[in-house]
Structures are given as C-alpha cells and as structure tokens.
Amino acid sequence: MKLGFVSDSLGGMSFQTLLDNAARLDVSGVEVNTGGWSTAPHFDLETMKSSADARRHFAKAFESRGLEIIALNANGNPLHPTQPEQGECLKDTIRIAGEMGIKTVCTMSGLPAGRADDLMPNWVVSSWPPETQAILRYQWEEMLFPFWTEIAALANENGVERIALELHGNQCVYNVPSLLKLRAAIGSVIGANLDPSHLFWMGADPLVAAEALGEAIYHVHAKDTMQNAPVQAKTSLLENGSLMDIPARSWSYITLGFGHGEEWWRQFCYRLKMAGYDGWLSVEHEDVLLNSFEGLEKSIALLKGVMPVAASDFKPQAI
C-alpha cells in the first residue's frame, strides 16, 4: 500500500508549501481537489483545462519532490438539480486527468431532486411512506443510470480507468449495495472510494464493507469518526447540528486514532489486503478541534505503523 493525503487537508497552505510538507512528512503522494464542494485552492480548473504548460508545471512540482499525484477529486454533487456546474466540474476533471495520464478520479454518485420539477436534492433513507419508492425510481432510472452511462463513456474516451465513488451520506450511492447496484448497471469503471468515517456514522461496519466490496475498492480515504455516546443516546446518529460544535453532536469527524485506535486501523488495513486492495491510503483531515498539520501528522504516523508496504513473500517449506 502507499500513503498520501487529500490536498484540502492543508487547504490553508500554498501549493508549494503543501508539497514541501508532503515531502517532509515522507508520504508518497497527494490527492488533489479540483472543485465541487471544494474551493480547490491548489488547482485552477480553468487554467488546467486550457493550458498544457500549466499541466506540465503542476506535474513537475510533484516529480521534483519525489511525489505522485494520487488522483483528482471532484467531490461535489454532479446531479444537483440547480447547479449544473457541479457535473461539469466532474467532466472537466476527467478530461484533465486523461491529459495528465492520471487513471483514478474520485467523486460522488450525485443526488438528484425527488422529481423532475423539484429544486433541491432529496435523500431517501427509509422505505415508507410510499412516495419514497417513487422518488428512488426517478433518481435511479431517470437520472443516475443515464448520467453515469455518459460519464463512463467519457472516462473511456480519456483513458481514465477508475471512477472511485465515495460512500457518502446525502448521495444515492452511500453504502455497499448502492455502489454495487450502480457498478452492475454501468460497468467496472465504477468502484468505491472506501471511507470508513461515513460508514461509522451511518451504522455500517467498514471491515465487513471491505470484504463485501472486494475488487470494487478503487481508493481509500483514511478518516475517522468519533461517536459521542451520551449525545447519541438522546438524539440518535441522525445528526444535523453544526459541524463546528463537537460537544453537541452525536458524531464528528476526527483525527485518526482519536475515534478508533491503532488496533482498529491495523485490522482495517489487513481486511483491505484480504479483499485484494493494495492501493493508496489517502488521509482526509477534517477534525475541527486539532490543528490541521498536527492532525495530519498524527494520522500519517499511525498509518505508517499499521499499513502493509512490502510484498508478501512467505511460502511454506517443502517438508
């Protein structure tokens, strides 16, 4: 496995300073945010679209420090009913990835409105009342399948081999069954960006998810979640309070090791290996209480102690 981090984890730093710190932290690469819900402080999408020189200089900045570009990440809602720029960001990101020889693009599945004339995305998380099923039929059959058929063709045209969808709340693809449903319909270009932090707060088990996804795991975000048991006992894990008010929330994103200890992350890495995954672990720091660089540093240190790096070479002796 290889270790890196998401560029927005150090979003307050300049591009050059971020890369200098990546080299100092002794990681192998950086996953670059390109737009969507990110302001993409390290990636000028319009310039990168139009300028081959800009793309070369960008790649050279990584190469000169011995770093790789892990993936490009357009982490928005590409099926937002009133923000078509979100979907265009994904399409542009795929085209740029193709120009730069980057094989993996991370994104979200998208969350459409509940019907054609609605203006807001609608996430269905229960099977009743009956209108929930009509919403799901519209979202999947009329929106997701046609959109992702188009995106798969675009990826193929541009040499992008893997579209890694984050299993994320408020998206149509948010768990193992929904990822596999879209993959079955669209093809093997669709895979999972397995981020355990989201599965924790939705009540799933990332260790079981890794086994169930198997070869469909295309990328991994290393991010942790703390479940605040006294608050959860009163409010459940359905949480819509401020992300900044940690004491009042039933769950919060947190630095690796502060929600789940080293033993859990050791098991997670091993389960990934058992599932056949030997790719990137990309730390995504979103802990609002810890300093971003300190939190990233602690997360990287934890993963260095538990992630497998060298190839297996054990063979039973001939006795």
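The present account deals with the structure reproduced in this document. Treat the numbers as computed from the prediction; the structure is a model and nothing was measured.

Scanning the model with the defined rule gives 21 salt bridges in all. In this structure, Lys304 and Asp26 form a salt bridge, with 3.7 Å as the shortest nitrogen-oxygen distance. Here Lys304, found in helix α11 (residues 292–306), pairs with Asp26, found in the loop between α1 (15–24) and β2 (29–36); they are 278 residues apart in sequence, far enough to count as distant. When its relative accessible area of 40% is taken as the criterion, Lys304 is described as partly exposed. Close ionic contact of Glu262 with Arg266 constitutes a salt bridge, the shortest N to O distance being 2.5 Å. Here Glu262 and its partner Arg266 are both found in helix α10 (residues 262–274), four residues apart, which amounts to about one turn of the helix. Exposure remark for Arg266: the relative accessible area of 33% places this residue in the partly exposed category. It is possible to trace a salt-bridge network through shared partners that takes in Glu46, Lys49, Asp92 and Arg95.

Put simply, the largest pocket is a space of about 690 Å³. In terms of lining, the largest pocket is formed by 31 residues, of which the most central are His168, His198, Leu243, Tyr253 and Glu286. Only α7 (196–202) and β9 (251–254) provide two or more residues apiece to the lining of the largest pocket. Its residues assigned to classes, the lining of the largest pocket shows 12 nonpolar, 12 polar and seven charged.

Going through the model one piece at a time under the given rule, you end up with zero disulfides. Cys172 takes part in no disulfide bond, and the closest cysteine sulfur to it belongs to Cys89, at a distance of 19 Å. By relative accessible area, which is 6% here, Cys172 ends up buried. With no disulfide of its own, Cys269 lies 17 Å from the sulfur of Cys106, the closest cysteine sulfur. By relative accessible area, Cys269 is classed as buried at 1%.

A word on the packing of aromatic side chains. What the rule picks out here adds up to 13 aromatic pairs. Summarising the aromatic geometry, the rings of Trp264 and Trp265 are spaced 4.9 Å apart at their centres and angled 80° between planes, so their arrangement reads as edge-to-face. For Trp265, a relative accessible area of 0% puts it in the buried group. With a centroid separation of 5.1 Å and an interplanar angle of 15°, the aromatic rings of Trp264 and Phe268 are classed as stacked. Here Trp264 and its partner Phe268 are both found in helix α10, four residues apart, which amounts to about one turn of the helix. Of the two residues examined, Trp264 and Phe268, each falls in the buried class. Above the face of the Trp140 ring, Lys181 is positioned so that its terminal group lies 4.1 Å from the ring centre. The aromatic ring of Trp251 is capped on one face by Arg249, whose charged end is 4.5 Å from the ring centroid.

Glancing now at a nonpolar patch on the surface. On the surface, Leu243, Met244, Val288 and Leu289 cluster together into a nonpolar patch covering about 420 Å² of accessible area. Within the secondary structure, Val288 is located in the loop between β10 (280–283) and α11. For Val288, a relative accessible area of 34% gives the class partly exposed.

With that settled, consider helix α3 (residues 52–63). With 12 residues, α3 should cover 16 Å at 1.5 Å per step; its first-to-last C-alpha distance of 16 Å lies within 8% of that length. By the burial criterion, the buried members of α3 are Ala54, Arg55, Phe58, Ala59, Ala61 and Phe62. Down the axis, α3 shows its buried residues gathered within 150° of arc, on one side only. With respect to the buried face of α3, the exposed residues turned more than 90 degrees away are Arg56, His57, Lys60 and Glu63. Summarising the contacts, the buried residues of α3 are in contact with α1, β2, α2 (45–50), β3 (68–75) and α4 (84–100). Regarding α3, its N-cap is Ser51, as a side-chain oxygen of that residue lies 3.4 Å from the backbone nitrogen of Asp53 further along.

It is worth spelling out the sheet that holds strand β7 (residues 217–222) at this point. Spatial ordering of the closed barrel is given by β1-β2-β3-β4-β5-β6-β7-β10, a layout of eight strands whose pairing is parallel. Along the sheet, successive strands turn relative to each other by an average axial angle of 30°, direction set aside. Bridging between β7 and β10 involves three bridges; their strand directions are parallel. Of the residues in β10, the one forming a bridge with Ala222 is Val283. Across the face of the sheet, helix α5 (residues 131–157) comes into contact with β4 (104–107), β5 (162–166) and β6 (190–194) while running at roughly 140° to β5.

Thresholds, definitions, all that
- Within each chain, residue numbers correspond to sequence positions counted from 1 in written order.
- The predicted nature of this model means local features are confined to residues of pLDDT at least 70 and side-chain atom pairs, given and counted, to a pLDDT of 80 or more, with totals for whole chains, interfaces and linings taken over all residues.
- Excluded from the side-chain calculations are hydrogens and water; all other atoms, namely the structure's heavy atoms, are used.
- What counts as a salt bridge is simple: a side-chain nitrogen of Lys or Arg found within 4 Å of a carboxyl oxygen of Asp or Glu.
- Runs of H or I in DSSP of at least four residues are treated as helices and runs of E of at least two as strands, each being numbered from the N terminus.
- Only protein chains enter the area calculation, which uses a 1.4 Å probe; residues under 20% of their type maximum are buried, those over 50% are exposed, and those in between are partly exposed.
- Lining residues are those with an atom within 4 Å of a point, where the points come from a 1 Å grid over the protein atoms alone and group into cavities, where a 1.4 Å probe fits but cannot get out, or pockets, open sets with protein on both sides within 12 Å along at least five of seven lines.
- Grid points are joined across faces, edges and corners, and a volume is the space filled by probe spheres set on the points.
- All amino acids are sorted into three groups, where Ala, Val, Leu, Ile, Met, Phe, Trp, Tyr, Cys and Pro are nonpolar, Asp, Glu, Lys and Arg are charged, and the leftover types, Gly among them, are polar.
- Cysteine sulfur atoms are paired as a disulfide whenever they come within 2.5 Å of each other.
- Pairing of aromatic rings covers Phe, Tyr and Trp, the last counted by its six-membered ring, and requires centre-to-centre distances within 6.5 Å; plane angles under 30 degrees mean stacked, over 60 mean edge-to-face, and any other angle means tilted.
- Charges are assigned to positions over rings by a cutoff of 6 Å between ring centre and Lys NZ or Arg CZ, combined with an angular limit of 35 degrees from the ring normal.
- Each patch is built from salt-bridge-free residues with over 30% relative accessible area, joining like charges within 9 Å and nonpolar side chains (Val, Leu, Ile, Met, Phe, Trp, Tyr) within 5 Å.
- Under the convention used here, a 1.4 Å probe and the Shrake-Rupley method define accessible areas, while residue burial counts only the protein chains that appear.
- Take the residue count of a helix, subtract one, and multiply by 1.5 Å to get its expected span.
- This arc is taken over the directions from the axis of the helix to the C-beta atoms.
- Contact between two residues is taken to exist if any of their heavy atoms lie within 4.5 Å; hydrogens are not considered.
- Contacts described as polar in this section are N or O atom pairs within 3.5 Å, which, within protein, must combine one atom able to donate a hydrogen with one able to accept it, while residues neighboring in sequence count only if both atoms come from side chains.
- Note: two strands are recorded as paired if DSSP finds a minimum of 2 bridges between them.
- To obtain each axis, a line is fitted to C-alpha atoms, and for helices this fit is confined to the stretch in contact; angles are then taken between N-to-C directions over 0 to 180 degrees.

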